[in-house]
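Residues per chain are reported as follows:
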Amino acid sequence: MAQVTKQTLIGEVLDLDMGTAEFFVSMGMHCLGCPASRGESIEEACMVHGTDSEELVGKINEYLATSAAN
């Protein structure tokens, strides 16, 4: 499984595993259905929402590693 980075697009993350949506929503990113959000990088979205992109990337990568193991 590829690692997600701050430059990874939100749409790419959601395409990997829709279960990652919970991490975006929990950090206040409720606009996942908006077509523009799919083209934003994690870093760009975190900047707009005032959240830590490194923390979000870490949580997503941990989730993806765990879900891939199951």
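Whatever comes next refers back to the structure up there.
Everything numeric in this text was worked out from a predicted model, so none of it was measured. (Residues numbered from 1 in each chain as written. Predicted model: local features only at pLDDT ≥ 70, side-chain atom pairs only at ≥ 80, totals over all residues. Heavy atoms only, no water.)

Novice: Would you mind going over the side chain of Ser-37 with me for this structure?
Specialist: If you trace the backbone, Ser-37 turns up in helix H3 (residues 35-38). The exposure class assigned to Ser-37 is buried, which follows from its relative accessible area of 2%. Apart from residues lying up to four places away in sequence, Ser-37 is in contact with Ile-10, Cys-31 and Leu-32. (Helix = DSSP H or I, 4+ residues; strand = E, 2+ residues; numbered from the N terminus. Buried < 20%, exposed > 50% of the residue type's maximum accessible area, 1.4 Å probe, protein only. Contact = heavy atoms within 4.5 Å.)

Novice: Teacher, can you tell me more about the environment of Gln-7 here?
Specialist: Here Gln-7 is to be found in the segment before helix H1 (10-16). For Gln-7 and Glu-62, which are 55 residues apart along the polypeptide, the C-alpha to C-alpha distance reads 17 Å. Among the polar contacts made by the side chain of Gln-7, one reaches the side chain of Glu-43 at a distance of 3.5 Å. (Polar contact = N/O pair within 3.5 Å; in protein donor to acceptor, adjacent residues only side chain to side chain.)

Novice: I tried to follow helix H4 (residues 42-49) on my own but got confused; where do I start?
Specialist: Residues that lie three or four places apart on an α-helix share one face, since the helix turns once every 3.6 residues. Residues Ile-42, Ala-45 and Cys-46 constitute the buried set of H4. For H4, the angular spread of buried residues about the axis comes to 100 degrees, placing them on one side. The exposed set on the far side of H4, more than 90 degrees from its buried face, consists of Met-47 and Val-48. (Arc of directions from axis to C-beta.)

Novice: Sorry, what's going on with the nonpolar core here?
Specialist: A general tendency of soluble globular proteins is for nonpolar side chains to be buried together. Judged by nonpolar contacts, the single largest core of 17 residues is most densely connected at Phe-24, Ile-42, Leu-56 and Ile-60. When residues of this core are traced back to their parent elements, those giving at least two are H1, helix H2 (21-26), H4 and helix H5 (53-69). Here the element with the most residues in this core is H5; it accounts for four residues. Beyond its immediate stretch of four places on either side in the chain, Phe-24 contacts Ile-10, Val-13, Leu-14, Met-29, Leu-32, Ile-42, Leu-56 and Ile-60. (Core = buried A, V, L, I, M, F, W, Y, C linked by side-chain atoms within 4.5 Å.)

Novice: Looking at this model, I keep getting lost on the packing of aromatic side chains. Mind explaining?
Specialist: One pair of aromatic rings is described through two measures. These are the centre distance and the angle between the planes. The final tally for this structure, using the stated rule, is one aromatic pair. Their ring planes at 65 degrees and their centres at 5.4 Å tell us that Phe-23 and Tyr-63 sit as a pair that is edge-to-face. Here the residue Phe-23 occupies a position in helix H2, and Tyr-63 occupies one in helix H5, the gap between them amounting to 40 residues. Residue class for Phe-23 comes out buried when judged on its relative accessible area of 14%. On the basis of relative accessible area, Tyr-63 is assigned to the partly exposed category, the value being 23%. (Phe/Tyr/Trp six-rings, centres within 6.5 Å; stacked < 30°, edge-to-face > 60°.)

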